[in-house]
Amino acid sequence: MDFSVDVKQQELIALAKTIAEKEIAPRALRIDKSGVMDEELLEILKESGMTQLSVPKEYGGAGIDLLTGALISEQLSKGCAGVATICAANSLASFPILFAGSDMQKRDLFDCLNRGGMACFALTEPGAGSDAGAVSCRAEKVEGGYILNGTKCFITNAPIADKITLFANTREGGGIRGLTVFLVDADTKGISIGKEEDKMGIRASATAEIIFEDCFVPDSARVGKEGRGFMIAMQTLQMSRPVVAAISVGIAQAAIEAAVAYSHHRKQFGVKIATFEMVQQMIAVAQSLCVFHRKGEQVNPASDFAYTADGGEVTITDYIGTSEHVLIPDAIDGLPVTALGHRAFYEKTVTTVVVPDSVTEIGAACFSGDNYLVSLKLPDGLKRLPPASLESCMRLY
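Please read these numbers as outputs of a predicted model, since none were measured by experiment. (Residues numbered from 1 in each chain as written. Predicted model: local features only at pLDDT ≥ 70, side-chain atom pairs only at ≥ 80, totals over all residues. Heavy atoms only, no water.)

Visitor: Quick rundown of helix α2 (residues 39-47)? Include the residues and the values.
Guide: For α2, every residue scored as buried is listed here: Leu41, Leu42, Leu45 and Lys46. Projected down its long axis, α2 shows its buried positions confined to an angular sector of 140°, all on one face. Seen from the buried face of α2, the exposed residues on the opposite side, beyond 90 degrees, are Glu40 and Glu47. In this structure, the buried residues of α2 make contact with α1 (7-34) and α4 (81-100). (Buried < 20%, exposed > 50% of the residue type's maximum accessible area, 1.4 Å probe, protein only. Helix = DSSP H or I, 4+ residues; strand = E, 2+ residues; numbered from the N terminus. Arc of directions from axis to C-beta. Contact = heavy atoms within 4.5 Å.)

Next up, the structure:
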C-alpha cells in the first residue's frame, strides 16, 4: 500500500499548515476562552476549501483522498483542534451521502458546502451513544414523507449547520433494523437547537442538541432504503476515525514543538534546559510516539486493513485504539507539558489550549461515543519501529 503524497497533495497540506500558523494559532487562545468560533477565520477556511475536503471532483470539489484529508486535519489541529473539528464534521456529515445518497442528494449537499455552507452528523442521543441501535428519534411514515420527533445531543456544528445528516428509527419498536438516514435542511419547520455544551476543550467547535418536533420531510430526504442506517453509520465511523487520530497527532505535535522551543529559551543553572539529558529524553520519547502514531492516519478504510511493518494484517481498529488510547496520555500530558514546567498552566502558551483539547480527545465525546469499545492491539512489528533520534528532535527549532 502506497502512502506517499504527490505534489498537489503536498501543496494542500502546506496550505493547511500556513493557515494554521498564520490564521488559526494567533486566534486560538481567544476562541478557546470565549468558546465562540471567529467568523473571519471561518470564512478563510471556507474560501480555502478546508470545509469541503470530502467533496468529489464530479461535484465541484478537489476530490481529496482520505490520507490527504487526515494530513490536512493534522496540520489544522496544530493551530487549534476545535477548528480542525469544524472542518472534519463537514466530512463526517458527507460520508453517508457519499455511500448511499442519490445523485440529487449529493448535488444538494455538495452544492451547499461549495457555497460555504456547513453540515452536521446527527446520530448520538441521550440514550444512544455507543449503542447506535438504541436510537429513539422517530421517523413516522406518512403520505409523501416522514414526521420526525426526537432529540439529538453532542452534535458537532449543530448551531451553524445548514444541512443535517440525521439517523432516525422508522420501526415502531426501534432497533438497528429500523435505523434510517435522512438529509434534512436545518431550517425545516419543527427543528430547533437546544442546549449548547460548554466543553473542557475543542471549544472552537460548537456542540449542541438538535430537537425535532413534528418535523415533516419528504420521501426524497431519505438516504438509501429504510433500515440501512446502521450499516451506513458503521461505514461512516470507520471512514472518519483516522481523521480523529490525525487531530490527536496534531495536538501532540503542537505540544512537542512548544516544549522544544521553550527548552531552548528557558535557562537553569546558567544553561538552556535543552542541554539536560532528562529533558532531551522526554522530548525524544514524545516525538517517537508522534512518529509511531502518525501511522494511524495511514489506513485504507475501503479494505478495512492498514499498513503492516512485518507482513501481517493490521485492522483499522488497531490503529485507532493506538492513536486515541496511547498517544494523548503519554505524548502530551506526561512529556511536553512536564518539559514546559509551570509555564504549561499559564496563559499565552500553546498548552493552555492543547492540554484541554487533549483531555477532550481522550474522551473523544466530540467525535464518537464508542472509542473505548475499540480494542488496542499492537503487533510486534510495529513495536519495533525505530525511535526518533535526540538530535533530530532537538533540531525541530
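Visitor: So what's going on with the packing of aromatic side chains? Which residues, and what values?
Guide: What characterises a pair of aromatic rings is the spacing of the ring centres plus the angle enclosed by the ring planes. Summed over the entire model, instances satisfying the criterion amount to four aromatic pairs. When the centroid spacing of 6.3 Å and the interplanar angle of 25° are considered together, the rings of phenylalanine 95 and phenylalanine 99 count as stacked. Of the two residues, phenylalanine 95 and phenylalanine 99 are both situated in helix α4; the distance of four residues between them amounts to about one turn of the helix. The class for phenylalanine 99 is partly exposed, based on a relative accessible area of 33%. Where tyrosine 146 meets phenylalanine 182, the ring centres are 5.0 Å apart and the plane angle is 70°; that geometry is what we call edge-to-face. (Phe/Tyr/Trp six-rings, centres within 6.5 Å; stacked < 30°, edge-to-face > 60°.)

Visitor: Mind laying out the environment of alanine 252, listing which residues take part and the relevant values?
Guide: When you line up the elements, alanine 252 lands in helix α6 (residues 229-265). A residue is classified by how much of its surface remains accessible, and alanine 252, at 0% relative accessible area, is buried. For the pair alanine 252 and leucine 289, spaced 37 residues apart in the sequence, the C-alpha separation amounts to 9.1 Å.

Visitor: Let's hear about the environment of glycine 69: which residues, and what values?
Guide: You can see glycine 69 is positioned in helix α3 (residues 66-79). On the basis of relative accessibility, which here comes to 9%, the residue glycine 69 falls in the buried class.

Visitor: Report on the nonpolar core, specifying residues and quantitative values.
Guide: One finds Leu148, Ile164, Leu166 and Ile210 to be the most contacted residues of the largest nonpolar core, which totals 43 residues. Secondary structure elements with two or more residues in this core: α4, α5 (103-114), β1 (119-122), β3 (145-156), β4 (163-169), β5 (179-185), β7 (207-218) and α6. (Core = buried A, V, L, I, M, F, W, Y, C linked by side-chain atoms within 4.5 Å.)

Visitor: Describe in detail the packing of α4 against α5, supporting the description with residues and values.
Guide: Axis separation between α4 and α5 bottoms out at 10 Å; the angle between their running directions is 160°. One way to sum up the angle between α4 and α5 is to call them roughly antiparallel. Here α4 runs over α5; the crossing is left-handed. Counting all contacts with α4, which are made through Asn90, Ala93, Ser94, Ile97 and Leu98, the residues of α5 involved are Gln105, Lys106, Leu109, Phe110 and Leu113. (Axes fitted to C-alpha atoms, helices over the stretch in contact; angles between N-to-C directions. Parallel < 35°, antiparallel > 145°, perpendicular 65-115°, else oblique. Left-handed = near helix turned anticlockwise from the far one by under 90°.)

Visitor: Could you give an account of α3, naming the residues involved and the relevant values?
Guide: Within an α-helix, residues lying three or four positions from one another point in the same direction, as the helix has 3.6 residues per turn. Between its first and last C-alpha, α3 extends 20 Å over 14 residues, near the 20 Å set by a 1.5 Å rise per residue. For α3, the tally of buried residues reaches 14 of 14 residues, placing the bulk of the element in the interior. N-cap assignment for α3: the residue whose side-chain oxygen lies 3.2 Å from the backbone N of leucine 67 is aspartate 65. (Expected span 1.5 Å × (residues − 1). Polar contact = N/O pair within 3.5 Å; in protein donor to acceptor, adjacent residues only side chain to side chain.)

Visitor: I'd like a rundown of the side chain of serine 91, residues and numbers included.
Guide: Relative to the assigned elements, serine 91 resides in helix α4. Using a relative accessible area of 11% as the deciding quantity, one classes serine 91 as buried. Apart from the residues lying within four places of it in its own chain, the contact partners of serine 91 are Leu53 and Ser54.

Visitor: I'd like a description of the pattern of salt bridges, backed by residues and values.
Guide: The final tally for this structure, using the stated rule, is 14 salt bridges. Lysine 195 serves as the salt-bridge partner of glutamate 197, at 3.8 Å between the closest nitrogen and oxygen. Classification of lysine 195 by relative accessible area gives exposed; the value is 52%. A salt bridge links aspartate 198 to arginine 203, with the shortest nitrogen-to-oxygen separation between them at 2.6 Å. With relative accessibility at 66%, the residue aspartate 198 sits in the exposed group. One connected set of salt bridges, linked through shared partners, spans Glu23, Arg27, Arg30, Asp38 and Glu40. (Salt bridge = Lys/Arg side-chain N within 4 Å of Asp/Glu carboxyl O.)

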